[in-house]
Amino acid sequence: MKAVVYNTYGGPEVLKIQDVSIPKPKSNEVLIKVDSISLNPVDAKARRGGFRPMSDLLKFPRITGSDFAGIITETGNRVSGFKVGDAVYGWAQPLLNNGSAAEMVCISEKAIALAPNNISLSEASAIPCGALTSLISLRDLAPIRNGHKVLINGASGGTGTMATQIAKIFGGEITVVTSPNNSERIKNDYKPDRIINYTKDDFVNLEDQYDVIFDVQGNKAINEVEHCLTSNGIYVTTQPSIYSSIDVVKSVLSKKKSKIVICRSRTSDLNMIRLWVEENKIKPAIEKVYDFDQFKDAYEHLATGHVKGKLILKI
Ligand SMILES: NC(=O)c1ccc[n+]([C@@H]2O[C@H](COP(=O)([O-])OP(=O)(O)OC[C@H]3O[C@@H](n4cnc5c(N)ncnc54)[C@H](OP(=O)(O)O)[C@@H]3O)[C@@H](O)[C@H]2O)c1
């Protein structure tokens, strides 16, 4: 099968299309004919060697990509939740799975769900990583209650657009931080209560306090945002690092907590997200759909750090 692979760590220039063997599903896995994938910064981080030394244990060539949607063509003999022909979506966690930018992907049945029935598979592929990360952050790590004041820092990309919509479902009063390039779109599509233009104002210099700060952009730290949190406020960052881990430990003794989100793909969470999509409470934001052979252009655009929602690669 054809796959977008890299044989050495590096930028988008190391990617190429290569023939690789079709994976064989283990007993708890399904084989999926991939319709589309969407691009995530984590794909680029893995490709650049950002998960070394752990990623050195995996062999080259490595298939890039993580989000996907497609049709099941084969099931392992212990798979009970899905059958051949099901349209599914999910996130193939880098380091644990082969990448998704391939004609076929093999993955545990526990990491996928039926795709929403009111959107295309391309649109469905835009959802998993951003929505799962936002759900874990805003339901489990910093549970939003009705009327909570919530700030989403970095609301215009793949994760921020999902976080804004999910925070709304949970009843948050939402402030989003974005550039002026995206503020009109965010205002019209998601109707947040307030928009802060980060090219003009840094939210840490403003007076307002929040019950939850979801730092999707990950360019702050608890000591910078502490005064912006209410007395029991929670700060969640998407950036695991030695510094953010120390912040988490230090905040154990404080009423204001610092937490790090790590995305995980689970059927129950994807099912919840699917229902929200089918009830029109969530819709994916897609900037551009690329053909398979345009993979380099797509990953170069991702590298700008200014994607408006998601980029899709048709397989
Ligand atoms: N820990 C996890 O499991 C996990 C899961 C998902 C994502 N992440 C991480 O979260 C980050 C964001 O992911 P993503 O999927 O949303 O990426 P993305 O789709 O590439 O979006 C990036 C967005 O950031 C905005 N941005 C750039 N500079 C900004 C700034 N100074 N302040 C506020 N917003 C800014 C851009 O909007 P403008 O054009 O308006 O600037 C762009 O839309 C990445 O670093 C990713 O690796 C981690």
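As a starting point, this report considers the structure included with it.

Points about the nonpolar core
If you look at the biggest cluster of nonpolar residues, it comprises 79 residues, and the most contacted ones within it are Tyr-89, Ile-152 and Phe-214. Per element, the largest residue contribution to this core is five residues, and it comes from helix H3 (residues 128-141). Taken domain by domain, this core gets at least three of its residues from each of domain 1 (2-127 + 284-314) and domain 2 (129-260). Ignoring any residue separated from it by four or fewer positions in sequence, one finds Ile-152 in contact with Gly-160, Ala-163, Thr-164, Ala-167, Ile-174, Val-176, Val-177, Phe-214 and Val-216.

Concerning the sheet that holds strand E12 (residues 210-215)
Remark on secondary structure: sheet strands pair via backbone hydrogen bonds, oriented parallel or antiparallel. Taken in spatial order, the six strands make up an open sheet running E11-E10-E9-E12-E13-E14, and their pairing is parallel. Pairing within the sheet leaves two strands with one partner each, and these edge strands are strand E11 (194-197) and strand E14 (257-260). Strand-to-strand twist of the sheet, defined as the mean angle between neighbouring strand axes without regard to direction, takes the value 15 degrees. Two strands pair when backbone bridges link them, and strand E10 (residues 173-178) and E11 are joined in this way by four bridges, in the parallel orientation. Among the inter-strand pairings, Thr-175 is bridged to a residue of E11, identified as Arg-194. Running over the sheet, helix H4 (residues 158-169) touches strand E9 (149-153), E10 and E12 and is turned about 170 degrees from E9.

Observations regarding the environment of Leu-15
Relative to the helices and strands, Leu-15 resides in strand E2 (residues 15-19). Along the chain, Leu-15 and Lys-26 lie eleven residues apart, while their C-alpha atoms are 28 Å from each other. The contact partners of Leu-15, leaving out residues within four places of it in the chain, are Val-4, Tyr-6, Thr-64, Phe-295, Lys-296 and Tyr-299.

The rules we used
- Residues numbered from 1 in each chain as written.
- Predicted model: local features only at pLDDT ≥ 70, side-chain atom pairs only at ≥ 80, totals over all residues.
- Core = buried A, V, L, I, M, F, W, Y, C linked by C-beta atoms within 7 Å.
- Buried ≥ 20, exposed ≤ 12 C-beta atoms within 10 Å, placed from the backbone.
- Helix = DSSP H or I, 4+ residues; strand = E, 2+ residues; numbered from the N terminus.
- Domains from an automatic or database assignment.
- Contact = placed C-beta atoms within 7 Å.
- Pairing = 2+ DSSP bridges.
- Axes fitted to C-alpha atoms, helices over the stretch in contact; angles between N-to-C directions.

Nothing here speaks to function; it is geometry throughout.
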